[in-house]
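# Reading the structure
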Amino acid sequence: MSIIENILKKVVLNEAVIIEKKALTQSVFRIRLQSESIRNASFLPGSFLRMAIGIGNEEVSLKDKIRSYSVWDINSNEGFLDLAIATHSNGIGSQWAKECQMGDQIYFKWKKGNFLADDSADSYLMVGDLSALSHLYMVNRNIGENKQLASLIYSQQKSELFPDIDGSTPFDFYDFPQNPSTEIIAKLKKIVPELKGKKMVYVAGDSRLCVALNQFFRKELQWPTKQIKTKPFWNPEKKGLE
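Just so it is clear, the model here is predicted, and its values are computed rather than measured.

## Quick look at the environment of Leu-33
Note that Leu-33 resides in strand E2 (residues 28-34). We classify Leu-33 as buried; its relative accessible area is 0%. Apart from the residues within four sequence positions on either side, Leu-33 is in contact with Ala-16, Val-17, Ile-18, Ile-38, Leu-49, Met-51, Gly-79, Phe-80, Leu-81, Leu-83 and Ile-106.

## Overview of the environment of Leu-81
With respect to the helices and strands, Leu-81 occurs in strand E6 (residues 80-86). C-alpha separation for the pair Leu-81 and Arg-39, spaced 42 residues apart in sequence, amounts to 9.4 Å. Those residues in contact with Leu-81, other than ones at most four positions away along the chain, are Ile-31, Arg-32, Leu-33, Ile-38, Leu-49, Val-71, Asp-73, Ile-74 and Trp-110.

## A few points about the nonpolar core
Ranked by internal contacts, the top residues of the largest apolar core, which has 23 residues, are Ile-31, Leu-33, Met-51 and Trp-96. For this core, the secondary structure elements donating two or more residues are strand E1 (14-23), E2, strand E3 (48-52), E6, helix H4 (92-99) and strand E7 (105-111). Apart from residues no more than four positions distant in its own chain, Ile-31 is found in contact with Ile-18, Glu-20, Lys-21, Leu-81, Asp-82, Leu-83, Ile-85, Trp-96, Ala-97 and Cys-100. Core analysis: the next-biggest nonpolar cluster, separate from the first, contains 22 residues, Ala-121, Leu-130, Leu-136 and Val-139 among them.

## Re the packing of aromatic side chains
Per the stated rule, a full pass over the model turns up twelve aromatic pairs. Taken together, a centroid distance of 5.7 Å and an interplanar angle of 70° make the contact between Phe-48 and Phe-233 edge-to-face. Here Phe-48, found in strand E3, pairs with Phe-233, found in strand E12 (residues 228-234); they are 185 residues apart in sequence, far enough to count as distant. Given a relative accessible area of 23%, Phe-233 falls into the partly exposed group. These aromatic residues form a ring-pair network of at least three members: Phe-48, Phe-115, Tyr-202 and Phe-233. Across the ring face of Phe-29, the terminal group of Lys-21 is positioned such that the distance to the ring centre comes to 4.6 Å.

## With respect to the sheet that holds E12
Strand order in the open sheet made by the five strands is E10-E9-E8-E11-E12, with parallel pairing throughout. Two strands lie at the open edges of the sheet, namely strand E10 (173-175) and E12, each paired on one side alone. Averaged over all pairs of adjacent strands, the angle between their axes in this sheet comes to 15°, without regard to strand direction. Judged from the six bridges that link them, strand E8 (residues 123-129) and strand E11 (residues 199-206) form a sheet pairing that is parallel. Of the residues in E11, the one forming a bridge with Ser-123 is Lys-199.

## Quick notes on the side chain of Asn-140
Within the fold, Asn-140 resides in helix H5 (residues 133-141). For Asn-140, a relative accessible area of 16% puts it in the buried group. Beyond its immediate chain neighbours, meaning those up to four positions away, Asn-140 contacts Met-126, Leu-149, Pro-170 and Phe-171.

## Quick word on the pattern of salt bridges
According to the stated counting rule, one finds ten salt bridges in the structure shown. Arg-32 is the partner of Glu-20 in a salt bridge, and the nearest nitrogen-oxygen pair spans 3.3 Å. Here Arg-32 lies in strand E2 and Glu-20 lies in strand E1, a separation of twelve residues in the sequence. Given a relative accessible area of 15%, Arg-32 falls into the buried group. Of the charged contacts in the structure, one is a salt bridge between Asp-164 and Arg-141, with a shortest N-O distance of 2.8 Å. Highlighted residues: Asp-164 in the loop between strand E9 (148-155) and E10 and Arg-141 in helix H5, separated in sequence by 23 residues. By relative accessible area, which is 5% here, Asp-164 ends up buried. Of the residues examined, Arg-141 reaches a relative accessible area of 30% and is grouped as partly exposed. Within this structure, Glu-20, Arg-30, Arg-32 and Asp-82 form a network of salt bridges that share partners.

Rules of the game
- Residues numbered from 1 in each chain as written.
- Predicted model: local features only at pLDDT ≥ 70, side-chain atom pairs only at ≥ 80, totals over all residues.
- Heavy atoms only, no water.
- Helix = DSSP H or I, 4+ residues; strand = E, 2+ residues; numbered from the N terminus.
- Buried < 20%, exposed > 50% of the residue type's maximum accessible area, 1.4 Å probe, protein only.
- Contact = heavy atoms within 4.5 Å.
- Core = buried A, V, L, I, M, F, W, Y, C linked by side-chain atoms within 4.5 Å.
- Phe/Tyr/Trp six-rings, centres within 6.5 Å; stacked < 30°, edge-to-face > 60°.
- Lys NZ or Arg CZ within 6 Å of the ring centre and 35° of its normal.
- Pairing = 2+ DSSP bridges.
- Axes fitted to C-alpha atoms, helices over the stretch in contact; angles between N-to-C directions.
- Salt bridge = Lys/Arg side-chain N within 4 Å of Asp/Glu carboxyl O.

Just distances and angles here, no functional claims.
Set out below in C-alpha cells:
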C-alpha cells in the first residue's frame with residue numbers, strides 16, 4: 001500500500017463496514033454501510049459518496065480507485081446508509097460490488113455536489129438509466145408531497161430496474177438502448193405539455209443523453225437553466241475520475 005493510500009485511510013477518509021448485501025436484480029446489488037460518521041453526518045438528499053475501491057492494489061492507479069455512488073437511503077439514528085450498485089461494466093467498482101462481503105471495511109468521503117433534491121417546483125420530470133435510478137428515487141422522496149411527477153427511466157433490459165427502498169415504483173420504466181435521445185425526446189414532447197405550474201427536470205446517467213436533453217430543454221423548450229438539473233454518471237469513453 002502506498003504512502004498516499006495510508007494517508008487517505010488514516011486522515012482524509014471516513015471508515016464504514018458492510019452490514020448487509022442483497023441482489024436486487026441480476027445486475028444490481030444493495031449494499032448497506034454502517035459507521036459513526038454516517039450517524040453524525042449533515043446529510044443533504046442527493047449527496048454522493050466518494051469511495052476508495054481497491055486500496056492496496058498496486059496494479060490500479062489511484063484515480064481509478066475512486067468511485068462515486070449515490071446514497072439511496074440513509075438512517076442517521078442507526079448510522080447506516082444504502083447504496084444500489086449496478087455491475088454492467090468490468091471496471092473495478094463493478095468487481096468490488098460483486099465480490100465484497102458483509103464485514104468488509106470501506107473508506108469514503110461525502111460529496112454534496114449540485115444534483116440535490118429541490119422542492120421549489122410544482123411539477124417534476126425524472127429521466128435516467130439504471131445507473132441513476134437510486135439517486136432519482138432519493139430526490140423524488142425529498143421534493144415534498146402533492147407534486148406532479150412524470151418520468152422516463154430506462155434500461156436495455158427493463159427487468160434490471162428495481163423498486164424504491166420501500167417497495168414502491170413511482171417511475172415509469174422503459175426498454176431503451178444506450179443513448180436513446182431520439183426516442184426520449186419524442187416522448188418528452190408529449191409529456192412536457194401536461195406538466196403544471198413551475199417545472200423542473202432531473203436528467204442523469206449516460207453523459208451523451210445529459211448533453212442532448214440539456215440542449216433540448218434550453219434551446220427548444222426555452223426552459224430557464226435553474227429548472228434543468230443534469231448529472232452524467234458515466235461516459236462510455238471514460239472511467240474513474242477522468
